[in-house]
Amino acid sequence: MLLTGDNPRAAARLADQVGIIDVRAGLLPQDKVAAVREMEQAGRRVLVVGDGVNDAPALAAAHTGIAMGRAGSDLALETADAVIVRDELATIPAAISLSRQARRLVVQNLAIAATFITVLVIWDLVGHLPLPLGVAGHEGSTVIVGLNGLRLLREAAWRRATQGAARDHTARLAPGHRLPVAAGRRPSRPHR
């Protein structure tokens, strides 16, 4: 769904470029917020992408708000949960994919740390855990957690995210599917 304050022709052109089916043009900020709340009341998690002052209320009302950073207003950048520095809509699915990978890594790291600590505590309570071995086990778990987290910084993580996002985007464009809400996103415009 595209929610925008732009005129219907410009909105339709952008929607055609990115495959958005439902277009609502000529909206005021409160109309965008109402559309976001309507979707949330229907049980959906709403992602709003915006760049202007008029998008800030919708960014704040959504479950997740993403501001487009290059030409974005300060208010939109401050209100959003995330900022995409490039003004390319194609980077949004990749950023979402990376955030999902990061969430999985956080869960993995918590499981690794909890397992190490549980084993060390049980070992100490049941038997005798020498202090140097306990310290080595604890610090070893910290190193493993850190190395596991560093996997997101590899080039392969970004490639995987963009490839996975492209697959998801293609699947979402199948008949009967919709793209997430995008509020106020306009085609690239010259810098001021």
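The numbering scheme is per chain: residues are counted from 1 as the chain's sequence reads. Given that the model is predicted, a residue must reach a pLDDT of at least 70 before its local features are reported, and side-chain atom pairs must reach 80 or more before they are shown or counted; all residues, however, enter totals for whole chains, interfaces and linings. Side-chain numbers come from the whole structure's heavy atoms, not from hydrogens or water.

### A word on the overall build of the protein
Part 1 of the argument: Looking only at helices and strands, one finds 7 helices and 6 strands in the protein.
Part 2 of the argument: By definition, any uninterrupted DSSP run of H or I lasting at least four residues is a helix, any uninterrupted run of E lasting at least two residues is a strand, and each is numbered from the N terminus. Mapped in sequence order, the helices and strands of the protein form the string β-α-β-α-β-α-β-α-β-α-α-α-β.
Part 3 of the argument: Expressed as a percentage of the 192 residues in the protein, the buried residues total 34%.
Part 4 of the argument: In the protein, 47% of the contacts between residues at least 6 apart in sequence involve partners at least 24 apart.
Part 5 of the argument: Total accessible area on the protein is roughly 11,600 Å²; 60% of this is exposed by carbon and sulfur atoms. Residue exposure (1.4 Å probe, protein chains only): buried if accessible area is under 20% of the type maximum, exposed if over 50%, otherwise partly exposed. Whether two residues are in contact is decided by their heavy atoms: any pair within 4.5 Å suffices. Here the open area of atoms and residues is found with the Shrake-Rupley method and a 1.4 Å probe, where only the protein chains shown may cover a residue.

### Quick look at the nonpolar core
Part 1 of the argument: By convention a nonpolar core is built from buried Ala, Val, Leu, Ile, Met, Phe, Trp, Tyr and Cys residues, the set being connected through side-chain atoms within 4.5 Å. Counting 16 residues, the largest nonpolar core has Leu3, Val36, Val46, Val48, Leu59 and Ala62 as the members making the most contacts within it.
Part 2 of the argument: Here this core takes 4 residues from helix α2 (residues 29-41), the largest share from any one element.
Part 3 of the argument: Ranked by size, the runner-up nonpolar core spans 6 residues in total, among them Leu47, Met68, Ile84 and Ile92.

### Side note on the pairing of strand β3 (residues 47-50)
Part 1 of the argument: Burial along β3 is two-sided: the residues Leu47 and Val49 and Val48 and Gly50 are all buried.
Part 2 of the argument: The pairing of β3 with strand β4 (residues 64-68) spans 4 bridges and is classified as parallel. Bridge pairing links Leu47 to Thr64 in β4.
Part 3 of the argument: Looking down the strands as they point away from the viewer, one classifies a crossover as right-handed if the path from the first strand across the helix to the second runs clockwise. Once the chain exits β3 it traverses helix α3 (residues 56-61) before rejoining the sheet at β4, and the crossover so formed is right-handed. Here the rule is simple: two strands pair whenever DSSP picks up at least two bridges between them.

### Description of the sheet that holds β4
Part 1 of the argument: Strands sit in the order β3-β4-β5 across an open sheet of 3 strands; the sheet is parallel. The open sheet has two edge strands with one neighbour each: β3 and β5 (82-84). Taken over all neighbouring pairs, the strand axes of this sheet differ in orientation by 25° on average, direction set aside.
Part 2 of the argument: Both β4 and β5 contribute to a ladder of 3 bridges, which runs parallel. Within the sheet, the bridge partner assigned to Ala67 lies in β5 and is Val83. Note on geometry: axes are C-alpha line fits, over the in-contact stretch for helices, and angles between N-to-C directions span 0 to 180 degrees.

### Some words on the pattern of salt bridges
Pairing between side chains of opposite charge can happen when the charged atoms of each approach one another.
Part 1 of the argument: Any Lys or Arg side-chain nitrogen located within 4 Å of an Asp or Glu carboxyl oxygen qualifies as a salt bridge. The full count for this structure, using the stated rule, is 3 salt bridges.
Part 2 of the argument: For Glu38, the salt bridge goes to Arg24, with nearest N and O atoms at 3.9 Å. Taken together, the residues span a long stretch of sequence, with Glu38 in helix α2 and Arg24 in strand β2 (residues 23-24) at a distance of 14 residues.
Part 3 of the argument: On the basis of relative accessibility, which here comes to 45%, the residue Glu38 falls in the partly exposed class.
Part 4 of the argument: Assessed through its relative accessible area of 25%, Arg24 is described here as partly exposed.
Part 5 of the argument: Measuring nitrogen to oxygen at the nearest pair gives 2.6 Å for the salt bridge that ties Lys32 to Asp55.

### Focus: the pairing of β4
Part 1 of the argument: Across the 5 residues of β4, 4 count as buried, placing the element largely inside the fold.
Part 2 of the argument: With helix α4 (residues 74-79) bridging β4 and the parallel β5, this β-α-β connection has right-handed handedness.

### Re the confidence of the model for the protein
Part 1 of the argument: One number per residue, pLDDT, summarises how confident the predictor is, and it ranges from 0 to 100. The predicted model of the protein has a mean per-residue pLDDT of 82, with 85% of residues at 70 or higher.
Part 2 of the argument: Within the protein, strand β6 (residues 182-183) has the poorest average pLDDT of any element, 45, and α2 the best, 94.

### Things to note about the environment of Leu147
Part 1 of the argument: Summarising the element assignment, Leu147 is placed in helix α6 (residues 131-149).
Part 2 of the argument: Residues Leu147 and Asn109, spaced 38 residues apart in sequence, show a C-alpha to C-alpha distance of 9.8 Å.

### Looking at the packing of helix α5 (residues 91-126) against α6
Part 1 of the argument: Two elements in contact, α5 and α6, have axes whose closest approach is 9 Å; the angle formed by their N-to-C orientations is 170°. With respect to α6, the axis of α5 lies roughly antiparallel. The segment α5 lies against α6, with Leu105, Gln108, Asn109, Ile112, Ala113, Phe116, Ile117, Leu120 and Trp123 engaging Leu133, Gly134, Gly137, His138, Ser141, Ile144, Val145, Asn148 and Gly149.
Part 2 of the argument: In this classification, the charged set is Asp, Glu, Lys and Arg, the nonpolar set is Ala, Val, Leu, Ile, Met, Phe, Trp, Tyr, Cys and Pro, and all remaining amino acids, among them Gly, are polar. Among the residues forming the contact of α5 with α6, the class breakdown is 10 nonpolar, 8 polar and no charged. Each angle is binned into one of four classes, with values under 35 degrees roughly parallel, values over 145 roughly antiparallel, values of 65 to 115 roughly perpendicular, and all other values oblique.

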